[in-house]
Amino acid sequence: TTNALMRARVAPLGARHILILAEDHTHAQRVEEVRRDFVANVSHELKTPVGGIALLAEAILDARDDPEAVSRFAARIQVESTRLTRLVKEIVDLSRLQAADTLHEPQLVGIPMVVAEAVDMVRVAAEARQIALEPVADERAFVFGDADLLATAVANLVSNAVNYSEPGTRVAVAARRVGDTVEITVSDQGQGIPATEQDRIFERFYRVDAARSRATGGTGLGLAIVKHVCATHGGDVSVWSEEGHGSTFTMRLPAASGRTAADPDRHAVG
Ligand code: ADP
């Protein structure tokens, strides 16, 4: 029936139109496939912590006479619930980003502020793992966009850098303006990412080492969110990594001049 429909639609058109309609059709099919995959992945990912919580609750009921065991299981329920909350928040964030190709009301955003906020979000985790965070930001780096989304994206990169590194190492965060582009790099001295995996890590729910990701409270969505945030800002994200030596993630975003509509003569150049 789809073919019949296609033929009916293309009949009065020329060859170029036929091609465009066929491309539209496969694009729509691909969008539908991606959506279906996402729903399947989401239900699978939600079932794991929910199932874990149910088992732990059962274990508590069975261990009522053993207060030490009860508090151990309760603590694990707490960990699983925190992960579940984060997972739901990231699923919602990602769905919103996927639904919108462009930003609603882009604002002039100073990148030094974004970097400071992102580093703040990860500071406690970094201290707990004895990892030194070293942020440097160029005062002339501005973009048009959404400050919260940008801070979330940078925080995701910094959080990964901290989680996939050993204690005593350093994580550098640098933002600079290079011509018409703002570059934000996050470099770690961690375990690195095998070359064959470097494309795939930006896919939703893809993890190189699922056990390690789970142990650090990972959801597998962090980099997919970074990728979408960059795309909605007209930029992109890439990775350079050497196994055993570390990784550098680079977000590249179109720079804004730093001049605001309310204050057109002022160049906010440091
Ligand atoms: P997760 O929540 O699992 O960290 P992400 O989407 O943020 O999900 O990252 C996907 C996978 O990419 C991770 O599970 C990990 O295997 C790998 N990865 C991401 N960042 C780094 C890094 N800085 N060093 C090593 N591996 C990383």
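Residues numbered from 1 in each chain as written. Predicted model: local features only at pLDDT ≥ 70, side-chain atom pairs only at ≥ 80, totals over all residues. Heavy atoms only, no water.

Draft legend 1. Region of the structure containing the site of the ligand. As a matter of local geometry, the ligand sits amid 20 residues, with Asn 160, Tyr 164, Ser 213, Thr 219 and Gly 220 nearest to it. Within the side chain of Asp 188, one N or O atom sits 2.8 Å away from a nitrogen atom of the ligand. Here an oxygen atom of the ligand sits 2.6 Å away from a polar atom, N or O, in the side chain of Ser 213. Listing elements by their share of the shell around the ligand, those giving two or more residues are helix 5 (147-163), helix 7 (222-232) and strand 7 (246-254). (Near = heavy atom within 4 Å. Polar contact = N/O pair within 3.5 Å; in protein donor to acceptor, adjacent residues only side chain to side chain. Helix = DSSP H or I, 4+ residues; strand = E, 2+ residues; numbered from the N terminus.)

Draft legend 2. How the structure looks around helix 7. In terms of burial, helix 7 is a largely internal element, eight of the 11 residues being buried. Lining the buried residues of helix 7 we find helix 3 (67-99), helix 5, strand 6 (236-242) and strand 7. Positioned one or two residues after helix 7, Gly 234 has a phi angle of 75°, which is positive. (Buried < 20%, exposed > 50% of the residue type's maximum accessible area, 1.4 Å probe, protein only. Contact = heavy atoms within 4.5 Å.)

Draft legend 3. Structural view of the sheet that holds strand 4 (residues 170-178). As summarised here, the arrangement of the five strands in space is 2-4-5-7-6, forming an open sheet in which the pairing is mixed. Edge strands, defined here as strands with exactly one partner in the open sheet, are strand 2 (132-137) and strand 6. Strand after strand, the sheet turns through a mean of 15° between neighbouring axes, direction not considered. Across seven bridges, strand 6 lies against strand 7 in antiparallel orientation. Bridging across to strand 7, Ser 238 finds its partner in Thr 250. The strands touched by helix 4 (residues 111-128) are strand 2, strand 4 and strand 5 (181-188); relative to strand 2, the strand with the most contacts, the crossing angle is about 175°. (Pairing = 2+ DSSP bridges. Axes fitted to C-alpha atoms, helices over the stretch in contact; angles between N-to-C directions.)

Draft legend 4. Examining the pattern of salt bridges more closely. In the structure shown here, the tally under the stated rule is 13 salt bridges. A salt bridge links Arg 86 to Glu 90, with the shortest nitrogen-to-oxygen separation between them at 3.5 Å. Of this pair, Arg 86 and Glu 90 both sit in helix 3, four residues apart, roughly one helical turn. Between Asp 138 and Arg 140 there is a salt bridge, with its nearest N and O atoms 2.9 Å apart. (Salt bridge = Lys/Arg side-chain N within 4 Å of Asp/Glu carboxyl O.)

Draft legend 5. Seen up close, the packing of helix 4 against helix 5. The interhelical angle for the contact between helix 4 and helix 5, taken along N-to-C directions, is 35°, at an axis separation of 8 Å. In the packing of helix 4 onto helix 5, the handedness of the crossing is right-handed. Touching Val 114, Glu 117, Ala 118, Met 121, Val 122, Ala 125 and Ala 126 of helix 4 are Ala 147, Asp 148, Leu 150, Ala 151, Thr 152, Val 154, Ala 155, Val 158, Ser 159 and Val 162, all from helix 5. Of the residues contributing to the contact of helix 4 with helix 5, the split by class is 13 nonpolar, two polar and two charged. (Left-handed = near helix turned anticlockwise from the far one by under 90°. Nonpolar A, V, L, I, M, F, W, Y, C, P; charged D, E, K, R; others polar.)

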